[in-house]
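Geometric and topological summary
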Amino acid sequence: KDIEIYGRGVLPPHLDNRLSAEFTLHRDPGQMPSTDWLAQLGPRITGLANASFTPLGADLMDCLPNLRIISTLGVGYDNIDVAAARARGILVTHTPDVLNADVANYALLLLLAASRDLIQQENYARSGRWAREGRAALTSTLEGATLGIVGPGRIGRTLAKKLEIFGGPILYHGRHAQPDVPYEYCPDLVAMARRCDALILLLPGGAGTDRIIDAQVIEALGPNGILVNVARGSVLDETALIRALETGRLGRAALDVFENEPNIPAALCNNDRVTLTPHAASATVETRRAMFDLTADNLRAYFADGAALTPVPECRDMV
Ligand code: 8YV
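Residues numbered from 1 in each chain as written. Predicted model: local features only at pLDDT ≥ 70, side-chain atom pairs only at ≥ 80, totals over all residues.

**Describing the overall build of the chain**
- Along its length, the chain carries 13 helices and 12 strands.
- Taking 319 residues into account, the globule formula puts the C-alpha radius of gyration at 20 Å, and the chain, at 22 Å, falls close to it.
- The dimensions of the chain, computed from C-alpha atoms along their principal axes, are 65 × 50 × 30 Å.
- When each of the 319 residues of the chain is scored for burial, the buried share is 41%. (Helix = DSSP H or I, 4+ residues; strand = E, 2+ residues; numbered from the N terminus. Rg over C-alpha atoms; globule rule 2.2 N^0.38 Å. Buried ≥ 20, exposed ≤ 12 C-beta atoms within 10 Å, placed from the backbone.)

Right under this line is the structure:
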């Protein structure tokens, strides 16, 4: 237990237990550790377990001069300044793959919920409107629908396979065509959106994808189109989305992630053509446990022999 770890953010109990069994764990004293806290503990900390979505940049790294590894909980690491970490010789790891199936399942759930107006229909049944007003409105089918995946990474590919059940064309857009992905590559996102009945966003957040889903893409998807976002709020222009929904230029949206979490604009909350969930796509007991274990295992492996299990791609040459 001579290795001292900083647990940043609120660590889930299982992760907290794993880390405190193996290391000396210093839990987060607040939003940003105080100067006193950092002055006292900063130099002793060699590992950081990150469970926070707030930016982790050079300012904090410079207060932790002996930090060797940042193990972040989650596959996404857009809140971590990886270039700043690399420049300081700090390895960054994340938790890929273990969440592929559940996040893909959630995207499928949101897609089905949006196309069949599940939440509205549930409200209709529960509130007694069925009995008072008769049958609910008809919805639209996904059978044979053209479905577009934006971001053909690990989760995108897992989802694409699941979408084959609908029997329609599956298209994808990303920076490059992927030779091992057996679906049609569309280099032009707007042109792809125009052809699609639904777009599902699975691309990483960060500078390269900031608001890549803009008014033009949203309007290309059109008045009957469905937009599903289980990626990051930052990939979507939320204001343009709201405007398109309010003016009938987009059909439906199903959103698990938002620009300013955990705050959701009232214009989305009040729109019954929007399905909302609280960033919960990976939130099953089983998947979260695997994510917590991988976060701890990366630290354990690194401190055992320098070979972390799942470094982020930018740090693969560091192990
Ligand atoms: C969160 C996610 O990490 O993996 C990601 O990138 O966005 C989620 O799975 C999860 O909420 C744990 O904090």
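That was the structure; now back to the text.
**Here's the deal with the sheet that holds strand 11 (residues 252–255)**
- Spatial ordering of the open sheet is given by 8-7-6-9-10-11-12, a layout of seven strands whose pairing is parallel. Strand pairing shows two members of the sheet lacking a second neighbour, strand 8 (184–185) and strand 12 (274–276), which therefore form its edges.
- The sheet contact formed by strand 9 (residues 198–201) and strand 10 (residues 226–229) spans four bridges and is parallel. Bridging from a neighbouring strand, Ala-198 pairs with Ile-226 of strand 10. (Pairing = 2+ DSSP bridges.)

**Details of the pairing of strand 10**
- Neither face of strand 10 is exposed, since Ile-226 and Val-228 on one face and Leu-227 and Asn-229 on the opposite face are all buried.
- After leaving strand 9, the chain enters helix 10 (residues 215–221) and then returns to the sheet as strand 10, a path that is right-handed.
- Where strand 10 meets strand 11, four bridges bridge the pair, whose relative direction is parallel. Bridge assignment links Asn-229 to a residue of strand 11, and that residue is Leu-255.
- Taking the sense of rotation as the criterion, the β-α-β connection linking strand 10, helix 11 (residues 238–246) and strand 11 turns out right-handed. (Right-handed = clockwise from strand over helix to strand, strands pointing away.)

**A look at the sheet that holds strand 5 (residues 91–93)**
- Spatially, five strands are ordered 2-1-3-4-5 in an open sheet, and the strand pairing comes out parallel. Of all the strands in the sheet, just strand 2 (24–27) and strand 5 have a single pairing partner and so form its edges. Going across the sheet, the axis of each strand differs from the next one's by a mean of 20°, ignoring polarity.
- In the packing of helix 1 (residues 13–22) onto the sheet, contacts are made with strand 1 (4–8), strand 2 and strand 3 (45–50), and the angle to strand 1 comes to roughly 165°.
- The strands touched by helix 13 (residues 285–305) are strand 1, strand 3, strand 4 (69–72) and strand 5; relative to strand 4, the strand with the most contacts, the crossing angle is about 160°. (Axes fitted to C-alpha atoms, helices over the stretch in contact; angles between N-to-C directions. Contact = placed C-beta atoms within 7 Å.)

**As for the UniProt feature "domain: D-isomer specific 2-hydroxyacid dehydrogenase NAD-binding" (unreviewed entry) in the chain**
- Under the present numbering, the feature "domain: D-isomer specific 2-hydroxyacid dehydrogenase NAD-binding" (unreviewed entry) in UniProt falls on residues 109–281.
- The straight-line gap between the two end C-alpha atoms of residues 109–281 is 10 Å; of that span, 34% is helix and 14% is strand. (UniProt positions renumbered as here; feature names shortened; annotations may be inferred.)

**Overview of the site of the ligand**
- With respect to spatial proximity, the complete set of residues near the ligand consists of Ala-51, Leu-73, Gly-74, Val-75, Gly-76, Leu-99, His-279 and Ser-282.
- The residue makeup of the shell around the ligand, split by class, is four nonpolar, four polar and no charged. (Near = placed C-beta within 6 Å. Nonpolar A, V, L, I, M, F, W, Y, C, P; charged D, E, K, R; others polar.)

**Things to note about helix 13**
- Helix length check: helix 13, at 21 residues, gives a terminal C-alpha distance of 30 Å against a target of 30 Å (1.5 Å per residue), a fit within 8%.
- Of all the residues in helix 13, the buried ones are Thr-287, Met-291, Phe-292, Leu-294, Thr-295, Ala-296, Asn-298, Leu-299 and Tyr-302.
- On its buried face, helix 13 is in contact with strand 1, helix 1, strand 3, strand 4, strand 5 and helix 5 (100–115).
- Phi for Gly-306, located one or two positions after helix 13, is positive at around 80°. (Expected span 1.5 Å × (residues − 1).)

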